[in-house]
Each structure stands twice: as C-alpha cells, then as structure tokens.
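# Residue-level structure breakdown
Residue strings, one per chain:
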Amino acid sequence: MSNATSHAVPHAGVHADHHEELGFFRKYVFSTDHKVIGIQYGITSLIFLFIGFSLMMMMRWSIAYPGKAVPLVGPLLEKVLGDVAAKGVISGDLYNSFGAMHGTIMIFLGIVPLAFAAFGNFVVPLQIGAPDMAFPRINMASYQAYFVGGIVMLVSFFVPGGAAQAGWTSYSPLATSIPTQGQTYWLIGMVLLITSSLLGAVNFLATIIQLRAPGMTWMRLPFFVWAQFVTGFLLLLAFPPLEAAGIMQLMDKVAHTSFFLPTGLQLTSLGHISGGGSPLLWQHLFWFLGHPEVYVLILPAMGIVCEIIANNTRKPIWGYKSLVYSSLVIGFVSFIVWAHHMYMTGMGMKISTFFQTTTMIISIPSVIILTCLFLSLWGGSIRFNTPMLFALAFLPMFGIGGLTGLPLGFNYSDIHLHDTYYVIAHFHYVVAPGTIFGLFAGIYYWYPKMTGRFMSEFWGKVHFATSFVFMNLVFQPMFAQGMAGMLRRMVDGGANYATANTPGTTGGLSDTMIHTNQTISMAAWCLALAQVPFIINFFLSIKRGKKVESDNPWQATTLEWQTPTPPPHGNFVKTPIVHRGPYEYSVPGRSKDFTPQTEA
C-alpha cells in the first residue's frame, strides 16, 4: 500500500511504559532508531571531512613550497609514515597517496554519507510522517558497514607501502601493478562502503514508498524527500557495477586474474598474467557510477536548499512540479552521460557526439531547478539567518560549477582542458561551495530539531562569511591555471614540469601561474581556520545554545516540525494526517503566514 495507515504511533508516554530503558551501547552504538543513526552518520562524516581536508592542506604545502618540510606535522609524518616523508618533506609517492585518499575520503566517506545518509535518516521519516525506517536493523547494518569501511581506509596509511596511490579512480593497470598493500585495502574499503550505500538505498526507497502518513500523496511530499528518493534510485542502480568491478580488480590484485589486464602488459618486465582483460572496461564500470555520483552529491543539497528558501522567503516554492519532474529527468539522464569522462580514450565521433548531446540535455533540468529556486526569492519577505545565507550562496556557486562544466562536455575543448586544474576548479565548485554550503545550511536549519537548541547566529554568520570568501579564493584561480596548461597530480605544482628555459617562465608555465599556488594554498589554510567557529559552535551549542521556545521555531509547514523536540522514539505523539502540500506560506485570508500540512 502506498500510504501506511496501519502504522499508528502510540503516545510517547505509553511507549515508554512498555520498553525498558536502553543502555548506552544499545541506545547510541547499536541503535536502530533512524534519528540516532542519522546523527551517527552526521558526526562520523564530518570527522572524515576534516581528515580529507587535512590531507588537502598538506598537499597544498607541497604544491606551494616543493621540497620544503611541512611545518608542525612534518616530524610526525616522518615518524609515522617513514621514508615517504623523510625529513618531513612530502615525496611523490606520499603525494599520490594523499591525492587518492583525499578524493576517496571526501566523496565516499564525507559528502555522500552526510548528504544522503545523515540528513536522509534524520529528516525523511519525519517529513513523510513515518515512525522509523522500513528496515531499522538494515539501517543499523548500513552504518556499521560504512564505519568499518572507513576504518579500513584509514588503516591503509599504516600498512607496508602506504595507502592507495592510483588516484580516487583507481584505474587499471596502474592500480593492479603498484606493489603495495594499500591498494588492496582501498578495494576492500570500497566494497564495504558500496554495500553500506546499497543497504541504505533499498531502505530509503521502501520507506518513502510504503510508510507515508495518511494523506501524504506523492505531490504533497517535500522536495527534499523527492531528492532523496531519486538519489536512492541512483545508488541502487549505479553502485552494483562498481562493486562488481571492485571485486574483479581485487581478484586481479590478489588472485592473479586479468579482468582488466591486457595481453602483453609490460611495465619493467612482461607481466606474468593470462591477459585478455580490458583497462577500458574498468573506466566504463567506474564512470557508470562516477557520473550519477555527482547527482548523489548535489540532489540532497538541492532538496535542503529548497526547504530553507521556502521557509525563509515565507512564500510557496516557485514551480514545485517543475522541481519534481526535473529531478526525475536528472535521475534518468545521469545514466547515459558517463563517457564524457573518457573522451581521451579514442572513442569514435558518433559515440562522442551521443555523449556530448546527453551532457547538454542533462544541463537543462539542472538549470530549471536553479531557476525555480532563484524565482522563489522574488517578492519574498526574506529572513537572512545563517541557514538562509548558506542556501543563498549555494545558488551562484552551483551555477558557476555547472556553467564551467559545459566546456568539459564537448570533446573538442575537453581534450585541451582534460587533467588540468580547470577540471579541479569545475568539480570543486559543484561539490565544495556548492554541495557543502547546502549541507552547512541543513545543519544550521535542523540543529534545533535534533538538539532542542539553536546554534549561535553570530558565529554562524562569521563561519559563512569567511568560508564564502576563502572558498572562492581557493578555487577561482584554478580556472586560470588550468587554461594556462597546469596539469593535476604534480607534487611540485608544475615548477619542474618541462625543461624549457624560456625567459620569464618556469617549466613552460608563467611565473604568475606558479606563484598562484602559494596564494591558493594560503587561502586553503585560511579556509581551514574558518571552520573553527563552526566546530566550536556545533559542540558548544548542544549544552549552551539558546533553547527553542516551541517545537516549530522556524514556523515551518512540513511534518518534521510537528513532532516533539527532540523527537521521541516513534517520532509522533499520534499518527499525523496530511491535508495539504508542503509549502503553504502566506496564503491569502489565513490568520498566520504558514499553514502546517497537518492543519485541516
């Protein structure tokens, strides 16, 4: 059945009479409550984001000041990691490891769990009026697989040879030929992380389809729920090919198969393999996930921004159905654009034309979503609180990320820009000032519901202003570096890229481009300092933040604000009945400027 009328929720007090008080481990470590699991995902993913960001800061030191010891942590690196950090200097091998693990940690251990699992677990059941997820124990298993996968990834730094060095894409045959255990750990960790995402995706889809409250029809769902619904399908359909590919590459690594290793493979000597495999097959399987993955990152952030803009403009979101249909189109088309990452592999003109066409097509629903959010601001009585500031900043930042991606969608221009800093700038504009700003907005917005207290508005605005400035100072110059020809993955930032001795240039790149590395790196370290107010604010507000005066402090319309604060086990005092759409703000003739979905 589509609406779960049979799932009546007893009064919280009655519920407590029939259940013994859970111990610490059962309540917080092995919990099956979707809210606790959401908070577990949230805090764990924020910790991994900090670790991934720390790796980036050390890489930026190497790029800006090649051959110099890393200050403060240099001796520790040498003590822990050995020769790859001799005298505290980041070697080429260690730089490769940091690069591979930075990408892996930030995407698979940071942003995806925070955007999909943390916010989805806490908010989705509340917004659809469900007492919990459809499969609470599978939900718990999903977090545990994620946590173990993350630990395996971190342990790989300390095994002989260090962590994975073949990039976050782990291309064969390079990934198979590197004689280190770290690549094996990377593959095992990826299999665990993919398993976690698949368990979560099945759970979200079943929950949204089956456990909606009475009256919660599909077109009464908040857009955030739609975004999570489409994201669940993306994970469910795109991750299995990569999990299969990961297991096959693991077999190539440890069992001497050759799924991705060609006949006659020769590195220093002819490889002792049966051959017959295809390195291009790995690329196809990886990018078949890799491109839908971009929308796994961005769709939940779009959903968060939609909720916050509707609430803080005090007017209905513009073009609700357009938002819904656009997200569905994105979900479908994202599966037929993956080979625009592979123009350099020698594909024919007909195939490249097909993928150029689908890449341009998928930009249309993205622009529609952005347009709806921009138009929603028109005529609104805007409240410029911290969640709204981050949501507003998301719009132009994602716009820059999307527009700069268009040249990479055409094979003619991509050939010149491929593997340059332009690609880094484009992708990070989508993910860092784009997605991460959306996630910060969500943290500030739903924090009162999670804890019963507000985060400090003053320090929230300090966090926003400094992050906004330094994010742009980090990534904007990279467009110029990329167009000047500066390549990625160079431990010295391109200082010794070529042997040309042209006056006024260094290694074929202008002195200006090389010195820009120092400016970017300084901005990156300032960006790290800008997160200190957030970290202190986040943890200090749990005990000292201003208490909420009602269960609905933002005066919002959606169901999560109709529960007690924080929500008890089972969420609702009584089963909510939905009578209207999710964004009925400032309806003419009403006594107040918001009408909750439960109001008859």
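Residues numbered from 1 in each chain as written. Predicted model: local features only at pLDDT ≥ 70, side-chain atom pairs only at ≥ 80, totals over all residues. Heavy atoms only, no water.

## Thoughts on the confidence of the model for the protein chain
Residues with a pLDDT of 70 or more make up 94% of the protein chain, whose mean pLDDT is 91. Confidence drops under pLDDT 50 across residues 1-18; counting only partners more than four residues distant or on other chains, this segment forms 32 contacts. (pLDDT = per-residue confidence, 0-100. Contact = heavy atoms within 4.5 Å.)

## Some words on the packing of helix α8 (residues 182-210) against helix α9 (residues 223-254)
Helix packing geometry: the angle between the two helix axes and the distance between the axes. α9 packs onto α8 with a crossing angle of 155 degrees between their chain directions and a minimal axis gap of 8 Å. In terms of their interaxial angle, α8 and α9 are classed as roughly antiparallel. For the pair α8 and α9, the crossing hand works out as left-handed. Here the contact of α8 with α9 is composed, by residue class, of 23 nonpolar, eight polar and two charged. (Axes fitted to C-alpha atoms, helices over the stretch in contact; angles between N-to-C directions. Helix = DSSP H or I, 4+ residues; strand = E, 2+ residues; numbered from the N terminus. Parallel < 35°, antiparallel > 145°, perpendicular 65-115°, else oblique. Left-handed = near helix turned anticlockwise from the far one by under 90°. Nonpolar A, V, L, I, M, F, W, Y, C, P; charged D, E, K, R; others polar.)

## A short note on the pattern of salt bridges
Within the structure shown, the criterion is met by eight salt bridges. For R314, the salt bridge is made with D593, and the minimal N-O distance between the two is 3.0 Å. You can see R314 sitting in the loop between α10 (279-313) and α11 (320-333) and its partner D593 sitting in the segment after α18 (532-544), a full 279 residues away along the chain. With a relative accessible area of 6%, R314 lands in the buried category. Each of D419, R488 and R489 takes part in one network of salt bridges that share partners. (Salt bridge = Lys/Arg side-chain N within 4 Å of Asp/Glu carboxyl O. Buried < 20%, exposed > 50% of the residue type's maximum accessible area, 1.4 Å probe, protein only.)

## A few points about the packing of aromatic side chains
A full pass over the atoms with the stated rule returns 48 aromatic pairs. Taken together, the aromatic side chains of F390, F437, F440, Y444, Y447, F464, F468, F534, F538 and F539 make up a single cluster linked through ring pairs. Over the ring of F594 we find K592, and its NZ or CZ is 5.0 Å from the ring centre. (Phe/Tyr/Trp six-rings, centres within 6.5 Å; stacked < 30°, edge-to-face > 60°. Lys NZ or Arg CZ within 6 Å of the ring centre and 35° of its normal.)

## A short note on the side chain of E560
Following the sequence through the fold, E560 ends up in the segment after α18. The buried charged residue E560 lacks any salt bridge partner; its closest oppositely charged side chain belongs to K449, at an N-O distance of 8.2 Å. Separated by 3.0 Å, the side chains of E560 and W446 make a polar contact. What E560 contacts, discounting residues up to four positions off in sequence, is L126, Q127, W446 and K449. (Lys, Arg positive; Asp, Glu negative; His and termini not counted. Polar contact = N/O pair within 3.5 Å; in protein donor to acceptor, adjacent residues only side chain to side chain.)

## Some details on the packing of helix α15 (residues 421-451) against helix α16 (residues 457-483)
Axis separation between α15 and α16 bottoms out at 7 Å; the angle between their running directions is 165 degrees. In terms of axis orientation, α15 runs roughly antiparallel to α16. Along this stretch, α15 crosses α16, giving a crossing that reads as left-handed.

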